[in-house]
Amino acid sequence: MASFAELVWLVPVVPLILSPFPIFAGDKLPRKGSFVAIFACAVSTVISAGALLTLPSIPYNVSVQWLLPGTATSIDVGFYLDGLSALMITITSGIATLILVYSLEYMSHEEGLPRYWTEMMIFTGSMLGFALADSVILMYVFWELIGACSYLLIGFWYTKPEAASAAKKAFVLVRVGDVGFLIGMILLYTNGHTLNLPAILSSPATLISSPQMRTIIALLVFAGAIGKSAQLPLFPWLPDAMEGPTTVSALIHSATMVAAGVYLVARLYPFFQVAPYALLVVGAIGALSAFVAATMGLVSFDIKRVLAYSTMSQLGYMMVALGVGAYGAAMFHLMNHAVFKAMLFLSAGAILHATGARDLREMGGLLKKMKVTGLAFLIGGLALSGIPPFNGYFSKDLIIGAAYQYGLVTGDFWIYLLVLISALLTAAYIFRAFFVAFILPPKSGATKEVHEVSLTMTIPMVILIGFTLVTGWLWSPLMDVFQPFVTYAASLGATPQAPSYVGLLTLAFALTGIGLAYLVYIRATVPPERFSSGRVLSKLRNLIMRSYYFDAAYDRVAAGVENGIALALDYFDRFALDGLVNGIGRSLVKLGRDFRSMETGEIRNYVAVMVIGAVLLILLFEVL
Amino acid sequence: MNPYTELLRLSPVGVLVLAQIILFVQDLVREDKRLSQYISAAALALTCLLSVYLASSGNTVSFANSTFVFNSLAYYFGVIFSLSALLVMLSAGSFLGRAEYAFEFSSLAILGVLGSFFVASSTNLVALFVVFEMATTATYGMVAYARRSKLSAEAAIKYFVVGAVSAGIIIYGISLIYIATGSVSISSVFSVTSQSSQLLDVGVILLIVGFGFKIAAFPFHMWLPDTYEGAPYPATTYLASVSKVMGFAALVRIFLVMGPAIYALGGLNWEVIFGLLSILTMTFGNLAALVQTSMKRMLAYSSIAMSGYMLIGLALGTSFSYAVLLYFMLTYAIAKAGSFIVAQFFESEHNAKSIDDYAWLARKSPLSAFSLTIMLLSLAGIPPLSVFVAKFFIFYASVQVGGYWILLAIAGVLNSALSLYYYARVIKNMYIGLAGESPPPQGPRLERIGYMIPILTCLVLTIALGLGEGTVIAVAKHAVTTLSATVF
């Protein structure tokens, strides 16, 4: 019996190899080929979990050579299994499997299901390949595949103009970051002469001796992470991506696309550590994104958009953790966030499925009618706010504590302050959504009869509730099995621990946030309209509602570039291309003869151009 | 040499000659359209397999008083010629079924491969010219094959007139070289009197121009779009694969052997000429392809652009760049032939001519649409497909040479990025239709077995050659070193 480590190459390969089945044979398979997709992801989950539990003590690397084996130009392509990648593939494949099971019911009435299954399989397979890749170039290949699949999935309802434009936006904005990643990778290769991951991680400082060059490369790679993880300033695609099916949002926001950005930094963390200022930038962008996203979450009325902003905000937390040297906490939060965010999205999907509403103002009193969905949303909200004993509490506490310690060491407390205030805002916006959707009575008369969704959809939610209660304890006062597990290099260091009063303060802030939401929405001591009245407040609200004008700015830029290219092409088509051919033809006409018909004239031109070309070459190379 | 070994080493051409005779006899006796097609396909397949074996085992045999020397390089080209012609014959079934005279097409296809095979093996400029014209003449016939179609006749006339002029230019070039050196053999050692070194240079430039017609280098490309568009699809596929590679075979044959001496004796910087033509050709081809609305015309311009990338291999003139060029031609011929065959299938089944007609075809013929997608992505240079690997290496080769030659790599990368636009448009139309148009109802799925065999062959080879590029390039390297090391 081969060990799980030896089978690990199957993890990305199985979903990718089986992916053509639904789209080509889906109509003949039962349920449009859904079982192929679920089977593939389940196989990946089993192997990943097996590899995670029986992880060999030294990293397992299997690779083949591609592009001229045995020469200087050969590129190794293979998979690298260590604690970090084993954890990532287990999270990704496990959550993908649950989401696919959930989609069985959720997507059952849609057109084009075979396409959906195939794209989900490629999407998941690419993420698994990205996590396991043993060289930066292979990571980049899968990175691009993830981007392409997200484009297809966000635009799943391509006939809807909003969905099509959201998909385009996601593709373009993420690509802006990708260009940075690509240039960073090229610089890494030209300066360090290797793209092999173990080689880069073992001695990043000696690989590239110039610290400035290391910083440049690290920041360019981080630009890729900014795009994928929807951090400032490349975030506007994330809320728009809510136009895709909710299951796609759940997958994108928990374990695949946005996690890829954080994972990229975590994977290359030893390199970032030896790049001066790089981690400071990571932390700063993370803290700002966490705060900005939390404010936007407060004013959004679309339940899916609230969740989208919360993803951006939580990813900001992970970036902060990476920036302040709490590498373990970042991965811990990645795992916990994947669990509870998937659950929140599945819950939102259930609401959408049952009521057809995405706008919070059209919901109300749902807890009584949808018990499991409501419970899932409540527990997800508590975990997101950082309330014990749910998993979000443990990781968030570690990150904010580490940010505090970072402030003590460097004297920069603003990162700590930003994440602390964001913790309050987070609790406030998620409970605002919870209270309005589930507790308050519906505003308009609920004409539609609402029932709890079927078992196919509730079971994945229940499983995720179980995980939300469990995973946090893996790194808690009781035990710490998580941190040693993901620490793959000695340089990574332990997460700095803050004194316990910092944790209590964090908890107080989170509870205050929930309390505020309670006061405003349930007790109605302060009506919500008060927050948007008055000149300053209404201006502020307007600013936040418009995503700090990032959208408008990007639209301007895009329109400018598009018009420019169109004009240039039009000019080329009309003048350069037609002009060249016709111009030569016309000048020959002037030489004496007129065309008798287009056909003969053209051949004459062709031959003439040919002869002129020959004469020019001879003149150029012999006479001059 | 053992006569049996000699026979074996001549067998690729022997099989073709034999097939030609059988075809004539068959036509006299039975006049079976299908049978002609099968005979020629079988002969081409056999030639292809024999050539693969002979190319990889490094055999040499000379023929007709050493006028033709079949070595690894010739066999390597033989593989490309016979494989592409095989794809043409496999996909020509429905076209020949409708044609009045079916058998001549098979015969011409084999004649073209035979001529091309000899081009790749000739050691004498005059002999090379004769077999080159033999192959070209066969393609004139193929282009004019749908003789009742006005378009086909017009395409053939254009092709013929330009071809005739370039034949004149070639023969003029050869005669100038003869005057300058007193020899017409393709040899790495020749002498030139100091007064006539310029004659040699002009002769060489004229050769480049003449063969530039065949490979459609800018500005000698102008016949190509009209001819490709007007010719019946099998003839277009043949022109884009067999015929174009033959032009490169002639140039490789001449410049690989004579190149260094031309520079040393005549002082002609022919590498710069190829570099210049390369940048002009790829840029023009891509820009023109960008604005096309007809699929066939778009593929025609894209094939001009591909010539530009391949010219980099000649411009660099290192043995590595020649080896990459050989690999490039194989991958190009397969991807291009495959694209034309899918286009032919779509035109005959769905009446799809313009790129807009390709809307939603992935729903009607998913497997063909998928194959076309892969082949277009390969041509655009998306890893890990085979044309990407070829482009990667050819750009890598130019970076390796360094200096101003890096400009070729930069131009190539920019052009590849540009080309993705027009390839992606086709893929987009096939899968998500035109903007603002709703998808058609789910009709019956349509794939024809006669088309699927060549299409799937191209698909598999496009992927497999990209992943297993090591062996092919090793064979190509071997072929290049044996030729450049041998003095004829």
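**Some remarks on the overall build of chain B**
Phase 1 of the analysis: Scanning chain B from N- to C-terminus turns up 19 helices and 2 strands.
Phase 2 of the analysis: Relative to the compact-globule value of 23 Å for 488 residues, chain B shows a C-alpha radius of gyration of 22 Å, a close match.
Phase 3 of the analysis: In terms of its C-alpha atoms, chain B occupies a principal-axis envelope of roughly 75 × 60 × 40 Å.
Phase 4 of the analysis: Sequence separation of 24 or more characterises 80% of the internal contacts of chain B that already satisfy a separation of 6 or more.
Phase 5 of the analysis: Taken as a whole, chain B presents about 16300 Å² of accessible surface, with 68% of it coming from carbon and sulfur.
Phase 6 of the analysis: Each charge class in chain B was averaged separately, 24 positive and 19 negative side chains, and the resulting centres sit 4 Å apart.

**What about the overall build of chain A?**
Phase 1 of the analysis: Each helix and strand counted, chain A has 28 helices and 2 strands in total.
Phase 2 of the analysis: Residues classed as buried in chain A amount to 56% of the 624 residues present.
Phase 3 of the analysis: In chain A, of all internal contacts separated by at least 6 residues, the share reaching a separation of at least 24 is 79%.
Phase 4 of the analysis: Looking at chain A as shown, the accessible area adds up to about 24700 Å², and 69% of this sits on carbon and sulfur atoms.

**Re the packing of aromatic side chains**
Aromatic ring pairs are reported here in terms of the distance separating the ring centres and the angle at which the planes meet.
Phase 1 of the analysis: The final tally for this structure, using the stated rule, is 60 aromatic pairs over all chains.
Phase 2 of the analysis: Seen in terms of ring centroids, Phe 394 of chain A and Trp 473 of chain A are 4.9 Å apart; in terms of plane orientation they differ by 55 degrees. Their pairing is tilted. You can see Phe 394 of chain A sitting in helix H21 (residues 391-410) and its partner Trp 473 of chain A sitting in the loop between helix H23 (455-470) and helix H24 (482-486), a full 79 residues away along the chain.
Phase 3 of the analysis: Residue class for Trp 473 of chain A comes out partly exposed when judged on its relative accessible area of 30%.
Phase 4 of the analysis: Relative to Trp 223 of chain B, the ring of Phe 213 of chain B has its centre 5.1 Å away and its plane inclined at 50 degrees; by these criteria the two rings are tilted. In this pair, Phe 213 of chain B sits in helix H8 (residues 197-215) while Trp 223 of chain B sits in helix H9 (residues 223-230), placing the two residues 10 residues apart along the sequence.

**A few points about the interface of chain A and chain B**
Phase 1 of the analysis: Counting from both sides, the interface comprises 32 residues of chain A and, opposite them, 53 residues of chain B.
Phase 2 of the analysis: In total, about 3800 Å² of surface goes out of reach between chain A and chain B, with carbon and sulfur atoms giving 80% of it.
Phase 3 of the analysis: Applying the counting criterion to the chain A and chain B interface returns 0 salt bridges.
Phase 4 of the analysis: In this assembly, chain A and chain B are joined by 1 residue pair in polar contact (both at pLDDT 80 or more).
Phase 5 of the analysis: Counting only elements with at least two residues in the side of chain A that touches chain B, the list comes to helix H3 (20-25), helix H27 (550-590) and helix H28 (598-623) of chain A.
Phase 6 of the analysis: In terms of residues, the side of chain A that touches chain B owes the most to one element, H28 of chain A, which gives 14 residues.
Phase 7 of the analysis: Here the side of chain A that touches chain B is built from residues that sort into 23 nonpolar, 3 polar and 6 charged.

**Some thoughts on the packing of helix H20 (residues 371-385) of chain A against H21 of chain A**
Helix-helix packing is described using two parameters, namely the angle between the two axes and the distance between the axes.
Residue and element names in this part refer to chain A.
Phase 1 of the analysis: In contact at an axis separation of 6 Å, H20 and H21 are set at 15 degrees when each is read in the N-to-C sense. Between H20 and H21, the interaxial angle falls into the category roughly parallel. When you trace H20 past H21, the crossing you get is right-handed. Side by side, H20 and H21 meet where Ala 383, Leu 384 and Ser 385 of the first sit next to Asn 391, Gly 392, Tyr 393 and Lys 396 of the second.
Phase 2 of the analysis: A breakdown of the residues in the contact of H20 with H21 according to their chemical character gives 3 nonpolar, 3 polar and 1 charged.

**Some words on the state of the cysteines**
Phase 1 of the analysis: The tally for this structure, following the rule as stated, stands at 0 disulfides over all chains.
Phase 2 of the analysis: For the unlinked cysteine Cys 41 of chain A, the closest cysteine sulfur is that of Cys 149 of chain A, found at 12 Å.

**With respect to empty space enclosed by the protein**
Residues and elements named next belong to chain A.
Phase 1 of the analysis: Using the criterion set out here, one finds 3 cavities of 30 Å³ or more in the structure.
Phase 2 of the analysis: Of the voids in this model, the largest cavity is the one considered here, and its volume is about 50 Å³.
Phase 3 of the analysis: Ser 385, Gly 386, Tyr 393, Lys 396, Asp 397, Ala 423, Thr 506, Leu 507 and Ala 510 are the residues that line the largest cavity.
Phase 4 of the analysis: Considered class by class, the residues forming the lining of the largest cavity number 4 nonpolar, 3 polar and 2 charged.

**Let's talk about the nonpolar core**
Phase 1 of the analysis: Membership of the largest hydrophobic core comes to 209 residues, with the highest contact counts inside it found for Phe 70, Phe 77, Phe 255, Met 329, Phe 346 and Tyr 358 of chain B.
Phase 2 of the analysis: At 21 residues, the largest contribution of residues to this core is made by helix H13 (residues 319-350) of chain B.
Phase 3 of the analysis: With near-sequence residues (within four places) excluded, Phe 346 of chain B lies in contact with Asn 351, Ala 352, Tyr 358, Leu 361, Ser 365, Ser 368, Ala 369, Leu 372 and Met 430 of chain B.
Phase 4 of the analysis: Of all hydrophobic cores here, the second largest spans 204 residues; its members include Met 120, Phe 156, Ala 290 and Leu 507 of chain A.

**What to know about the pattern of salt bridges**
Phase 1 of the analysis: Summed over the entire model, instances satisfying the criterion amount to 14 salt bridges over all chains.
Phase 2 of the analysis: Two residues, Asp 240 of chain A and Lys 169 of chain A, come together in a salt bridge whose shortest N-O distance is 2.9 Å. Placement of Asp 240 of chain A in helix H12 (residues 237-240) and of Lys 169 of chain A in helix H8 (residues 161-192) is noted, with a sequence separation of 71 residues between them.
Phase 3 of the analysis: The shortest N-O distance in the salt bridge between Glu 154 of chain B and Lys 158 of chain B comes to 3.1 Å. You can see Glu 154 of chain B and its partner Lys 158 of chain B sitting in helix H7 (residues 150-181), 4 residues apart, about one turn around the helix.
Phase 4 of the analysis: By relative accessible area, which is 24% here, Glu 154 of chain B ends up partly exposed.
Phase 5 of the analysis: Put simply, Glu 154, Lys 158, Asp 226, Glu 229 and Arg 297 of chain B are held in one network by salt bridges that share partners.

**Here we look at H13 of chain B**
Since there are 3.6 residues in each turn of an α-helix, residues three or four apart along the chain are aligned in direction.
Phase 1 of the analysis: Its 32 residues give H13 of chain B an end-to-end C-alpha distance of 46 Å, which sits within 8% of 46 Å, the value for a rise of 1.5 Å per residue.
Phase 2 of the analysis: Positive phi shows up at Asn 351 of chain B, right after H13 of chain B, with a value of about 55 degrees.

**A word on unusual backbone geometry**
Phase 1 of the analysis: Leu 232 of chain A connects to Pro 233 of chain A through a cis peptide bond whose omega is -5 degrees.
Phase 2 of the analysis: With respect to the helices and strands, Pro 233 of chain A occurs in the loop between helix H11 (211-228) and H12.
Phase 3 of the analysis: If you check the backbone angles, Ala 64 of chain B has positive phi at about 55 degrees while not being a glycine.
Phase 4 of the analysis: In this structure, Ala 64 of chain B sits in the loop between strand S1 (61-63) and strand S2 (68-70).
Phase 5 of the analysis: On the accessibility criterion, Ala 64 of chain B (41% relative accessible area) is partly exposed.
Phase 6 of the analysis: Located in the positive-phi region is Ala 216 of chain B, a residue other than glycine, with phi close to 60 degrees.
Phase 7 of the analysis: We classify Ala 216 of chain B as buried; its relative accessible area is 0%.

**A look at the environment of Val 242 of chain B**
All names here are of chain B.
Phase 1 of the analysis: You can see Val 242 is positioned in helix H10 (residues 233-266).
Phase 2 of the analysis: On the basis of relative accessible area, Val 242 is assigned to the buried category, the value being 1%.
Phase 3 of the analysis: Measuring from C-alpha to C-alpha, the distance between Val 242 and Leu 372 comes to 20 Å, with 130 residues separating the pair along the chain.

**Some remarks on the side chain of Asp 82 of chain A**
Residue and element names in this part refer to chain A.
Phase 1 of the analysis: Looking at the element boundaries, Asp 82 is found in the loop between strand S2 (75-81) and helix H5 (83-106).
Phase 2 of the analysis: Of the polar contacts made by the side chain of Asp 82, one reaches the side chain of Arg 267; its length is 2.7 Å.
Phase 3 of the analysis: When residues no more than four places from it in sequence are discounted, the contact partners of Asp 82 are Leu 55, Pro 59, Arg 267 and Tyr 488.

**Some details on a nonpolar patch on the surface**
Phase 1 of the analysis: A surface patch of nonpolar side chains, amounting to about 680 Å² of accessible area, comprises Val 17, Leu 18, Ile 21, Ile 22, Val 25, Leu 28 and Val 29 of chain B.
Phase 2 of the analysis: Mapped onto the fold, Leu 28 of chain B is located in helix H1 (residues 3-29).

**Considering the environment of Val 172 of chain A**
Phase 1 of the analysis: Take Val 172 of chain A: it is sitting in helix H8.
Phase 2 of the analysis: The spatial distance from the C-alpha of Val 172 of chain A to the C-alpha of Trp 237 of chain A is 8.8 Å, given a sequence separation of 65 residues.

**Notes on the confidence of the model for chain B**
Phase 1 of the analysis: With 98% of its residues at a pLDDT of at least 70, chain B reaches an overall mean of 90.
Phase 2 of the analysis: Of all the helices and strands in chain B, helix H19 (residues 469-485) of chain B carries the lowest mean pLDDT, 83, while helix H3 (residues 72-91) of chain B carries the highest, 95.

**Brief notes about the environment of Leu 100 of chain A**
Residue and element names in this part refer to chain A.
Phase 1 of the analysis: Assignment of secondary structure puts Leu 100 in helix H5.
Phase 2 of the analysis: C-alpha of Leu 100 to C-alpha of Cys 41: the two residues are 59 residues apart in sequence and 8.5 Å apart in space.
Phase 3 of the analysis: The residues contacting Leu 100, other than those within four sequence positions of it, are Ala 37, Ile 38, Cys 41, Trp 117 and Met 120.

Cut-offs and rules
- Residues numbered from 1 in each chain as written.
- Chains lettered and ligands numbered in written order.
- Predicted model: local features only at pLDDT ≥ 70, side-chain atom pairs only at ≥ 80, totals over all residues.
- Heavy atoms only, no water.
- Helix = DSSP H or I, 4+ residues; strand = E, 2+ residues; numbered from the N terminus.
- Rg over C-alpha atoms; globule rule 2.2 N^0.38 Å.
- Contact = heavy atoms within 4.5 Å.
- Areas by Shrake-Rupley, 256 points an atom, 1.4 Å probe, with all protein chains shown as cover.
- Lys, Arg positive; Asp, Glu negative; His and termini not counted.
- Charge placed at Lys NZ, Arg CZ, Asp CG, Glu CD.
- Buried < 20%, exposed > 50% of the residue type's maximum accessible area, 1.4 Å probe, protein only.
- Phe/Tyr/Trp six-rings, centres within 6.5 Å; stacked < 30°, edge-to-face > 60°.
- Buried area = accessible area lost by both parts, 1.4 Å probe.
- Salt bridge = Lys/Arg side-chain N within 4 Å of Asp/Glu carboxyl O.
- Polar contact = N/O pair within 3.5 Å; in protein donor to acceptor, adjacent residues only side chain to side chain.
- Nonpolar A, V, L, I, M, F, W, Y, C, P; charged D, E, K, R; others polar.
- Axes fitted to C-alpha atoms, helices over the stretch in contact; angles between N-to-C directions.
- Parallel < 35°, antiparallel > 145°, perpendicular 65-115°, else oblique.
- Left-handed = near helix turned anticlockwise from the far one by under 90°.
- Disulfide = S-S within 2.5 Å.
- 1 Å grid on protein atoms, 1.4 Å probe; cavity = no way out; pocket = protein on both sides within 12 Å on 5 of 7 lines; lining within 4 Å.
- Points joined across faces, edges and corners; volume = space filled by probe spheres on them.
- Core = buried A, V, L, I, M, F, W, Y, C linked by side-chain atoms within 4.5 Å.
- Expected span 1.5 Å × (residues − 1).
- Patch = residues over 30% accessible without salt bridge, like charges linked within 9 Å, V, L, I, M, F, W, Y side chains within 5 Å.
- pLDDT = per-residue confidence, 0-100.

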